[in-house]
Amino acid sequence: MDCQNFAESAKMATELYRETIAVPFMAKFVVFAKHHAAEEARLRVFCMTDDKMDKTLETQEHFTEIARSRDVEVPNRTRDRVGLCAAL
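Residues numbered from 1 in each chain as written. Predicted model: local features only at pLDDT ≥ 70, side-chain atom pairs only at ≥ 80, totals over all residues. Heavy atoms only, no water.

Q: I'm lost on the overall build of the protein in this one. Help?
A: Secondary structure assignment for the protein yields two helices and four strands. Sequence-ordered secondary structure for the protein, helices as α and strands as β, is α-β-β-α-β-β. Taking all 88 residues of the protein together, 15% fall into the buried category. Pairs at least 24 residues apart make up 50% of the contacts formed inside the protein by residues separated by at least 6 positions. Looking at the protein as shown, the accessible area adds up to about 7500 Å², and 51% of this sits on carbon and sulfur atoms. (Helix = DSSP H or I, 4+ residues; strand = E, 2+ residues; numbered from the N terminus. Buried < 20%, exposed > 50% of the residue type's maximum accessible area, 1.4 Å probe, protein only. Contact = heavy atoms within 4.5 Å. Areas by Shrake-Rupley, 256 points an atom, 1.4 Å probe, with all protein chains shown as cover.)

Structure follows, in structure tokens:
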């Protein structure tokens, strides 16, 4: 840690500590879709930590898996954004 300003050192140390104690886990982002009408569909996005697709509510409700990410390391207590771009 390189802190030029002594007054900010406690704040930087606290931030560094919080980042190092966050436990990461491996997950996949999965997108499900279901058409209700020709011009209407429903999308659901999940962050899944296991490969049990058959146990999801979407599988039981006959949703179709339309996209799946590779394994992604997700730190604990972080906010992530997922960008979607497609023509339904």
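There's plenty left to go through after this.
Q: Quick question: what am I supposed to make of the pattern of salt bridges here?
A: If the charged atoms of two oppositely charged side chains come close together, the side chains can form a pair. Enumeration according to the criterion identifies three salt bridges in this entry. With a shortest N-O distance of 3.6 Å, lysine 28 and aspartate 71 are connected by a salt bridge. Of this pair, lysine 28 sits in strand β1 (residues 24-37) while aspartate 71 sits in the loop between β3 (64-68) and β4 (72-75), and the two are 43 residues apart along the sequence. Lysine 28 sits in the buried class, given a relative accessible area of 16%. A relative accessible area of 42% means that aspartate 71 is categorised as partly exposed. Notably, a salt bridge pairs glutamate 61 with arginine 44, separated by 3.3 Å at the nearest N-O pair. Placement of glutamate 61 in the loop between α2 (57-60) and β3 and of arginine 44 in strand β2 (residues 40-48) is noted, with a sequence separation of 17 residues between them. By relative accessible area, which is 28% here, glutamate 61 ends up partly exposed. In this structure arginine 44 comes out as partly exposed when scored by relative accessible area, which is 22%. (Salt bridge = Lys/Arg side-chain N within 4 Å of Asp/Glu carboxyl O.)

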